[in-house]
Amino acid sequence: MSDNEFTLEALKRILLEGAGADEGVDLDGDILDTEFEELGYESLALLETAGRIEREFDIVLDDDVFTENPTPRGLIAAVNAQVRISVAA
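Keep in mind it's a predicted model, so treat the numbers as computed, not measured. (Residues numbered from 1 in each chain as written. Predicted model: local features only at pLDDT ≥ 70, side-chain atom pairs only at ≥ 80, totals over all residues. Heavy atoms only, no water.)

A.B. asks: What am I meant to see in the environment of Ser 43 here?
C.D. replies: Structurally, Ser 43 can be placed in helix α2 (residues 43-57). On a C-alpha basis, the gap between Ser 43 and Phe 66 in space is 8.8 Å, while along the polypeptide they are 23 residues apart. (Helix = DSSP H or I, 4+ residues; strand = E, 2+ residues; numbered from the N terminus.)

Next up, the structure:
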């Protein structure tokens, strides 16, 4: 596992640091295929999350990354794809 790999643990940490969590949401549960909206994260929280990911992993995400990847599983794959491109450049 690369130090530059974006993991579910990294995503949960960034979500909590940037926007916190709704009381009824257990981020330690099986959330990989749960849409961010169901987890209580709206567009502003997701924008903050994207900015934090970009800064921490030194990448640029597409504006529609959350639209195209509405679940943690999809987002993790998209971020890791961008990280690989960035490392290869």
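Read on for the rest.
A.B. asks: I'm lost on the nonpolar core in this one. Help?
C.D. replies: Note on soluble globular proteins: their nonpolar side chains tend to be buried together. In this structure, Phe 6, Phe 36, Tyr 41, Ile 53, Phe 57, Leu 75 and Val 79 are the most contacted members of the largest nonpolar core, which totals 24 residues. Mapped onto this core, the elements with two or more residues apiece are α1 (8-19), α2, α3 (65-68) and α4 (72-88). (Core = buried A, V, L, I, M, F, W, Y, C linked by side-chain atoms within 4.5 Å. Buried < 20%, exposed > 50% of the residue type's maximum accessible area, 1.4 Å probe, protein only.)

A.B. asks: Explanation requested: the packing of aromatic side chains in the structure shown.
C.D. replies: Two aromatic rings are characterised by how far apart their centres lie and by the angle between their planes. Tallied over the full model, the rule gives two aromatic pairs. Note on Phe 6 and Phe 57: the rings are 5.3 Å apart at their centroids and 90° apart in plane angle, and the pair reads as edge-to-face. Linking Phe 6 in the segment before α1 with Phe 57 in helix α2, this pair joins segments that are 51 residues apart in sequence. The burial state of Phe 6 is the same as that of Phe 57; both residues are buried. Ring geometry for Phe 36 versus Phe 66: centroids 5.4 Å apart, planes at 80°, classification edge-to-face. Here Phe 36, found in the loop between α1 and α2, pairs with Phe 66, found in helix α3; they are 30 residues apart in sequence, far enough to count as distant. A relative accessible area of 2% means that Phe 36 is categorised as buried. You can call Phe 66 buried: its relative accessible area is 13%. (Phe/Tyr/Trp six-rings, centres within 6.5 Å; stacked < 30°, edge-to-face > 60°.)

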